[in-house]
4 protein chains.
Amino acid sequence: MLDRTDPEGAVAEAAAAYSNWGRWGADDVLGTVNFITPDERRAAAELVNLGVSFSLSQSFDMNGPQKGWRRRTNPVHTMLDTGVDAARGTQGFPHGIGGADDVVSMPLQCSTQWDGLGHIFDHGRAWNGRDAAEVVTSAGDRITGIEHLAAPVAGRGVLLDVGRALGEDGELPDGFAVTAEHLEATARGQGVAVGRGDIVCVRTGQLTRARRQGWGDYAGGPAPGLSFTAAGWLHSTEIAAIATDTWGFEVRPNEFDDAFQPLHQVAIPHIGLLIGEMWDLDALAAHCAADGVHEFFLTAAPIPFTGAVGSPVNPVAVK
Amino acid sequence: MLDRTDPEGAVAEAAAAYSNWGRWGADDVLGTVNFITPDERRAAAELVNLGVSFSLSQSFDMNGPQKGWRRRTNPVHTMLDTGVDAARGTQGFPHGIGGADDVVSMPLQCSTQWDGLGHIFDHGRAWNGRDAAEVVTSAGDRITGIEHLAAPVAGRGVLLDVGRALGEDGELPDGFAVTAEHLEATARGQGVAVGRGDIVCVRTGQLTRARRQGWGDYAGGPAPGLSFTAAGWLHSTEIAAIATDTWGFEVRPNEFDDAFQPLHQVAIPHIGLLIGEMWDLDALAAHCAADGVHEFFLTAAPIPFTGAVGSPVNPVAVK
Amino acid sequence: MLDRTDPEGAVAEAAAAYSNWGRWGADDVLGTVNFITPDERRAAAELVNLGVSFSLSQSFDMNGPQKGWRRRTNPVHTMLDTGVDAARGTQGFPHGIGGADDVVSMPLQCSTQWDGLGHIFDHGRAWNGRDAAEVVTSAGDRITGIEHLAAPVAGRGVLLDVGRALGEDGELPDGFAVTAEHLEATARGQGVAVGRGDIVCVRTGQLTRARRQGWGDYAGGPAPGLSFTAAGWLHSTEIAAIATDTWGFEVRPNEFDDAFQPLHQVAIPHIGLLIGEMWDLDALAAHCAADGVHEFFLTAAPIPFTGAVGSPVNPVAVK
Amino acid sequence: MLDRTDPEGAVAEAAAAYSNWGRWGADDVLGTVNFITPDERRAAAELVNLGVSFSLSQSFDMNGPQKGWRRRTNPVHTMLDTGVDAARGTQGFPHGIGGADDVVSMPLQCSTQWDGLGHIFDHGRAWNGRDAAEVVTSAGDRITGIEHLAAPVAGRGVLLDVGRALGEDGELPDGFAVTAEHLEATARGQGVAVGRGDIVCVRTGQLTRARRQGWGDYAGGPAPGLSFTAAGWLHSTEIAAIATDTWGFEVRPNEFDDAFQPLHQVAIPHIGLLIGEMWDLDALAAHCAADGVHEFFLTAAPIPFTGAVGSPVNPVAVK
């Protein structure tokens, strides 16, 4: 039972109970991604039976959910050259060739993303017990930058479609706290078991709703999401990563009177867990609901921005 | 035999000979990626035997090759918040949580990338015969934007390590034109056959050299690369995509007296070929050289920027 | 009397009546800024009696009015280094020096600005009758870029505080069309005469209201502003420039059934008029109301971005 | 006589001797700009005799001096819409209106600029003795941001053309340390006296040379500039601001064996001096050399980016 008045105590207790500090050595920069071993990855590839692939990424454009909060804008994409210019033949190239280039400015946290290990701290401590001030300076994350995850994030993906399992018309309402029991019941009902090294995709249906009704407060407002009480499950299952179709992974409002993303505070710096947000699980979920198969080979490789504390990602599931 | 004085004629001839316009219907937006069928993809997944994964992406940071040419900079990555701030406890969050966010500004063509179908035109014509001016305006590529490639680019990857096969110490010299014969000889020597739907990775060794000697003119200068004469091979093999470890895919200087990337002018608008550039094939190539296996499962999903004519990509090969 | 159903006809008529094409030669790149002669500028400097200066610029930050329309964001300002880093002494500099740098990404039209001569076209024609397609390509404005206005925009400024003169509590309501008669009456009432070469600052009070009530639809929504019928006044007065405290200079909704900024279409390409938008005239206006002096020396120098069609500007008035 | 081995000692000594901490109260955010009083500004306006104006700004574009050092790029300017699009009539606007917008990404320190008071620290201390960590966080300069200088920087400008006075063909060689004696001799020779509240423009001629020979190491390399020994002069003259035509204001290499911009370390946090860099003084200097008048009215208003530690500026001198 959570004491709504004491998030700090609850975080401290969970941090102590579920810490992975030192588990992979003092120099570790991967956290729970260490759970994806070559054996897990090889076994995951055997899940490919149909050869169909799904992108789990939202579109990156000005129609995204950001509203400026915390200086987060949607991606601003502009052209350096266009076909209109090329068709006029004034680009200065020989033999009739023409070209178009483009540029983007964006927060790395603006759309479908991975949170890197340097994204969240607990009382000035980063993953593996490091001093946050030593890890992430204005020069970026000098130790656990997202570039370290360039290669390994390919393995078994599991979809837990909690929206379909427990929601109405496939959608959980805002404020719905998804507990370990909900996750386990969903897994059982959907015929899949979560295991070591898995990349777990939790669909709440909120994105489906936002797509239908408009973004509203999708970016930062009320949302279904993981309960703080699921911290133990995140730890004991030894999953490699978890992602949701919501802005912030956790249930919002959080389950304390005055709190901001307390589960992050346990999951990233203490468990070393890789968290994905704003994933678009709808096409994949429809397919899984139809064929009853909720596991697949998943590659979710961040763009290796050196020193970044996160990255846009286009996760691709293959069944 | 190429007539060095007539690139325009050579392009026209190759365009006529190797055009795929209409092959997948008037509305096609995928080009040769259509060659990756579910069957091809399923078969490719069976190539995973070891479960080891390789990132084929360069690092995205200010130490990249760009020098400002065509307004192309290296990615500028800045922090919106840092661990240093968090450690001081002045971020305004409750219960000891702290966070770091980041932002990037960059050309989509600055590092490891896919060229979209809207990236190159021939005399004002884009892929499938469309009017370039209708396809790519200041609003971006309204028809063949890179977002259409969000899901399908996962299939069989084949490494042709031409640098190791034909170069000295594993590297081709700048200006070396890689012909169809070179590609075929390399494939034979490395025990692999290129086939329909493959994503072909051609290592020249230039990136290895740049890494040793400094970037120099890597971005736009002399380089080993595909010969214009390889256009027929690109077409007849029915490959889905091809990528090199060089800035511009083609041999530089080009094989005509006054020319700029004439093979692009055939390959993108006429063949509809997906081209990758600045891929880092070195770690994968070393592994392939060691175990003699040059095929693998490759996922190379662009970030789906709506209307973009290209995208950074972190291709992940799994053997 | 405007025919609300025929904006195109009204624009054509006004364009014919008020065109300055050719007035300063075929090569002109300054438009009405030509009216600011050294004599005008010298005389303007004599208006400085108190030595007090006023900035007429809004703040440039994420609290600005932009909402993403037309890919216009507020300025995103990030730090490359901070004092927090410096205080830790980890920046790598010798003898105790520390530093902070910063970066910005922004539309040039996001806040207090000048519209350059390449900002608006009439049926494909730019200022002085040029082909818009020859003037502004993806490479920017190759002929009338804002850099040409780097030096000359310093001269006599005149404040017409129409809000105070005609509004309630100093503010005109949204949709209020400011006519030539309103401008002249305001000038008379405020003891000032508009003349050749003047930079006219028209305060409607809308910014005051937005500051009090929140931005709402300030960027692009209903607003007080210049009536289309003022085109003749803009021409005959031979003013050098005009600026308002609103997003779009003109009254919104525009005075035609289906229209978008028709006065711009006359004023910029045909009159060659320099237009300022989103200026903050409140502090200056309060001072002018108090001392009854509505003229001053005004310097409003754009940042000379080569080829830009506009620029942020911090206009400084000295009385 | 400087002890080349002890920059830290020299800085400490100068800081103690020339500190203005507390001079304008504990809450001061303007530093030496306080020296520009209304009286000074009114008197400065009387210097306008000809009515001719000069921009002292370099062009802001990709042809600038930056090379990526400290993540500083040249400004990247892109178009959101173009005249080419407008001429095709496909922008979606009614009655034949067309438009062009643009966007820029840039470091605030990339070209002609003011260094804000939050730009440099001495052993973790910012202007007026404040803790640097309290002043400039990832959120920007929360106390002495450049926005505070939006209005006051208009006053008497004085050109000291040291290049013409002491250099060969008007240019000082790289490494030339400009001392107080050089400045005074130049002033005497050019018939001007530096006084309280002045904005002093020091031309070394290095920009002239860079324009002729190419940028080379202009951004950060060897340069003529102020000698560390001029610190006392900067303080005792009670000037409001000083600007040079070089990247870094100080002589480079600096006058100590292992040092980086030690004069900044005294001038900004201790004197509270406003420093300008990369100003283009050539056109103004040619005029001053011709007519012998080296004083003028100068407006140099930064763009008021909230919390910025510097700003691009287009200074306009009127004679």
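What counts, and at which threshold
- Residues numbered from 1 in each chain as written.
- Chains lettered and ligands numbered in written order.
- Predicted model: local features only at pLDDT ≥ 70, side-chain atom pairs only at ≥ 80, totals over all residues.
- Heavy atoms only, no water.
- Phe/Tyr/Trp six-rings, centres within 6.5 Å; stacked < 30°, edge-to-face > 60°.
- Helix = DSSP H or I, 4+ residues; strand = E, 2+ residues; numbered from the N terminus.
- Buried < 20%, exposed > 50% of the residue type's maximum accessible area, 1.4 Å probe, protein only.
- Least-squares fit on C-alpha atoms with pLDDT ≥ 70 in both.
- Contact = heavy atoms within 4.5 Å.
- pLDDT = per-residue confidence, 0-100.
- Buried area = accessible area lost by both parts, 1.4 Å probe.
- Salt bridge = Lys/Arg side-chain N within 4 Å of Asp/Glu carboxyl O.
- Pairing = 2+ DSSP bridges.
- Polar contact = N/O pair within 3.5 Å; in protein donor to acceptor, adjacent residues only side chain to side chain.

Chain A has the name Kynurenine formamidase in an unreviewed UniProt entry, where Nocardiopsis terrae is given as its organism.

## Brief notes about the packing of aromatic side chains
Residues and elements named next belong to chain B. Considering all chains together, one arrives at 38 aromatic pairs over all chains under this definition. Summarising the aromatic geometry, the rings of Phe228 and Phe256 are spaced 5.4 Å apart at their centres and angled 85° between planes, so their arrangement reads as edge-to-face. Remark: Phe256 occurs in the loop between strand S13 (241-244) and helix H9 (262-271) and Phe228 occurs in the loop between strand S12 (225-226) and helix H8 (231-236); sequence separation between them is 28 residues. When its relative accessible area of 5% is taken as the criterion, Phe228 is described as buried.

## Focus on the relation of the copies chain A and chain B
The relation between the two copies of this chain is a rotation about an axis and a shift parallel to it. After a rotation of 180° and a shift along the axis of 0.0 Å, chain A superposes on chain B with an RMSD of 0.0 Å. Both copies are brought into coincidence by an operation consistent with a two-fold rotation axis. Taking C-alpha positions as reference, the residue of chain A nearest the rotation axis is A:Ser105, located at 2.1 Å. The fraction of interface residues of chain A whose copies in chain B are also interface residues reaches 100%, indicating that both copies meet through the same surface.

## Overview of the confidence of the model for chain A
Mean pLDDT over chain A works out to 97, with 100% of the residues at or above the 70 mark. Both confidence scores are given for the complex: pTM 0.96, ipTM 0.97.

## Description of the interface of chain A and chain B
Every contact between the two is made by 90 residues of chain A and, on the other side, 90 residues of chain B. Taking both partners together, chain A and chain B bury about 7000 Å²; carbon and sulfur atoms supply 61% of that area. Applying the counting rule to chain A against chain B returns four salt bridges. For B:Arg70, the salt bridge goes to A:Asp81, with nearest N and O atoms at 3.0 Å. Considering each element in turn, the side of chain A that touches chain B owes the most residues, six residues, to strand S4 (residues 102-107) of chain A. Note that S4(A) and strand S4 (residues 102-107) of chain B share five bridges and pair antiparallel. Bridge assignment links A:Ser105 to a residue of S4(B), and that residue is B:Ser105.

## Focus: the interface of chain A and chain C
Taken together, the contact pairs 19 residues of chain A with 19 residues of chain C. Contact between chain A and chain C buries roughly 1500 Å² in total, counting both sides, with carbon and sulfur atoms accounting for 48%. Counting the contacts that link chain A with chain C gives two salt bridges. The partner of C:Arg88 in a salt bridge is A:Glu134, with the nearest N and O atoms 2.5 Å apart. Here chain A is connected to chain C by seven residue pairs in polar contact (both at pLDDT 80 or more).

## Here we look at the pattern of salt bridges
On inspection of all chains with the given rule, the structure shows 80 salt bridges over all chains. Taking the shortest distance from any N to any O, the salt bridge between B:Asp101 and A:Arg72 comes out at 2.6 Å. Of this pair, B:Asp101 sits in the loop between strand S3 (97-99) and S4 while A:Arg72 sits in the loop between strand S1 (53-55) and strand S2 (76-79), each in a different chain. This pair shows no difference in class: B:Asp101 is buried, exactly as A:Arg72 is.

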